[in-house]
Amino acid sequence: MMRRPWMAAALCLGTMAASRAPLQTPRHYRLDIKTTQVADLASMGQGEQRMEISTTGFVTLESHDSAGGQAVKIVLDSLQLGDSSPISPEQAKAANGAIWNGFVPSSGRIEHLELTEDNPIANAVTGVLQQLFPPMKAGAKEGQTWTDTTDSEGAPGLAVRTVTNFQTSADSFHGKKALRLAGASSSAISGTQESPQGSVAFEGTGTATVDWYIGPDGVMLGSSYHGTQSLKLTAPVSPQPLPVTITIEGTTALLE
């Protein structure tokens, strides 16, 4: 039950608009993510249980124009695991070559990002891949603000409602002019999952900040993410709800 860190658990000084030109050639990105899960097991007569997982992935992104937006394809080129990962090197290697297909409408938010074949390790990476797609309308300019509400499934059986405040500004990324899209969000999380010990109920909240950097040609140059989820798990093995805190930090970067 406690080994589910993926459950909860991406410009000139004047006005610049973000275009959304189709990719002429495949682009390659590096994704780094660190997940820290801390569970308070005092009600079970145990102490604090802490687990950290660091993962680096390399992907290839392709897209082409389609009616109302762009069809995208992502291929997982390789997955590198930190020393403390519960995932074996063989499992990570088996995820290489995994393919996702999705669609990016004019709103900029990726839709229907799905694996072409079932792979539990690759499936855990799906949420991180969304950081490659800034949820920003084509033609957006610096100095704009808006609020967005989304409903999603954080993991099978978990419902997540998120409210995000967005703001655009002129910035730079590794010395390149960029339009920065900053988001600050709060989430409500609830649901149940099955475990060998029986049904486990989840309830809690989350907060996160994310920054995307988009070049003048509309290409996503990089992003950074930091989020925290505070959950209470009600399970048959514990007489009281178990407090669990999950912290996720991640970055993406375009490889030249």
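### Concerning the overall build of the protein
Looking only at helices and strands, the protein has 3 helices and 11 strands in total. Scanning the protein from its N terminus toward the C terminus, one meets helices and strands in the order β-β-β-α-β-β-α-α-β-β-β-β-β-β. Burial statistics for the protein: of 256 residues in total, 43% are counted as buried. Total accessible area computed for the protein in this model is approximately 12,900 Å², and 50% of it derives from carbon and sulfur atoms.

### Digging into unusual backbone geometry
Phi at His 112 is positive, roughly 55 degrees, even though this residue is not glycine. Position of His 112 relative to the elements: it lies in strand E5 (residues 111-115). One non-glycine residue, His 174, lies in positive phi territory at about 50 degrees. With respect to the helices and strands, His 174 occurs in the loop between strand E7 (158-173) and strand E8 (176-195). For His 174, a relative accessible area of 71% corresponds to the exposed category.

### Notes on the pairing of strand E11 (residues 242-255)
Taking every second residue as pointing to the same face, the buried face of E11 carries Leu 242, Val 244, Ile 246, Ile 248, Gly 250, Thr 252 and Leu 254, while none of Pro 243, Thr 245, Thr 247, Glu 249, Thr 251, Ala 253 and Leu 255 on the other face is buried. For strand E1 (residues 27-40) and E11, the ladder comprises 12 bridges, and the chain directions are antiparallel. Following the sheet pairing, Tyr 29 is matched in E11 by Leu 254.

### A word on the side chain of Ser 187
Mapped onto the elements of the fold, Ser 187 is located in strand E8. The exposure class assigned to Ser 187 is buried, which follows from its relative accessible area of 16%. Polar side-chain contacts of Ser 187 include one of 2.8 Å to the side chain of Thr 162. When residues no more than four places from it in sequence are discounted, the contact partners of Ser 187 are Val 160, Arg 161, Thr 162, Gly 204, Thr 205 and Gly 206.

### Regarding the environment of Pro 239
Relative to the helices and strands, Pro 239 is located in the loop between strand E10 (220-234) and E11. Take Pro 239: its relative accessible area is 67%, and that puts it in the exposed class. Separated by 196 residues in the primary sequence, Pro 239 and Ser 43 place their C-alpha atoms 6.7 Å from one another.

### A few points about the nonpolar core
Formed by 54 residues in total, the largest nonpolar core has its most connected members in Tyr 29, Val 59, Ile 74, Trp 100, Leu 129, Leu 132 and Phe 133. Element by element, the count of residues in this core is highest for strand E9 (residues 198-214), at 6 residues.

### Thoughts on the pattern of salt bridges
Applying the stated criterion to the full structure yields 7 salt bridges. Two residues, Glu 52 and Lys 34, come together in a salt bridge whose shortest N-O distance is 4.0 Å. Taken together, the residues Glu 52 in strand E2 (residues 48-66) and Lys 34 in strand E1 connect sequence positions 18 residues apart. Linking Lys 176 and Glu 256 is a salt bridge whose minimum nitrogen-to-oxygen distance equals 2.7 Å. Taken together, the residues Lys 176 in strand E8 and Glu 256 in the segment after E11 connect sequence positions 80 residues apart.

### Quick word on the environment of Ser 223
With respect to the helices and strands, Ser 223 occurs in strand E10. Within the structure, the side chain of Ser 223 is placed 2.6 Å from the side chain of Thr 252, a separation counted as a polar contact.

### Comments concerning the packing of aromatic side chains
Per the counting criterion, the structure on display carries 2 aromatic pairs. Relative to Tyr 213, the ring of Phe 173 has its centre 5.2 Å away and its plane inclined at 35 degrees; by these criteria the two rings are tilted. You can see Phe 173 sitting in strand E7 and its partner Tyr 213 sitting in strand E9, a full 40 residues away along the chain. For the pair Phe 173 and Tyr 213, one class covers both residues: buried.

### Here we look at the confidence of the model for the protein
Per-residue pLDDT for the protein averages 85, and the proportion of residues at 70 or more is 90%. Per-element mean pLDDT across the protein ranges from 85 in strand E6 (residues 145-155) up to 95 in E10. In the predicted structure, residues 1-22 sits below a pLDDT of 50 and forms 95 contacts with residues beyond four places in sequence or in another chain.

Reading the values: the criteria
Residues numbered from 1 in each chain as written. Predicted model: local features only at pLDDT ≥ 70, side-chain atom pairs only at ≥ 80, totals over all residues. Heavy atoms only, no water. Helix = DSSP H or I, 4+ residues; strand = E, 2+ residues; numbered from the N terminus. Buried < 20%, exposed > 50% of the residue type's maximum accessible area, 1.4 Å probe, protein only. Areas by Shrake-Rupley, 256 points an atom, 1.4 Å probe, with all protein chains shown as cover. Pairing = 2+ DSSP bridges. Polar contact = N/O pair within 3.5 Å; in protein donor to acceptor, adjacent residues only side chain to side chain. Contact = heavy atoms within 4.5 Å. Core = buried A, V, L, I, M, F, W, Y, C linked by side-chain atoms within 4.5 Å. Salt bridge = Lys/Arg side-chain N within 4 Å of Asp/Glu carboxyl O. Phe/Tyr/Trp six-rings, centres within 6.5 Å; stacked < 30°, edge-to-face > 60°. pLDDT = per-residue confidence, 0-100.

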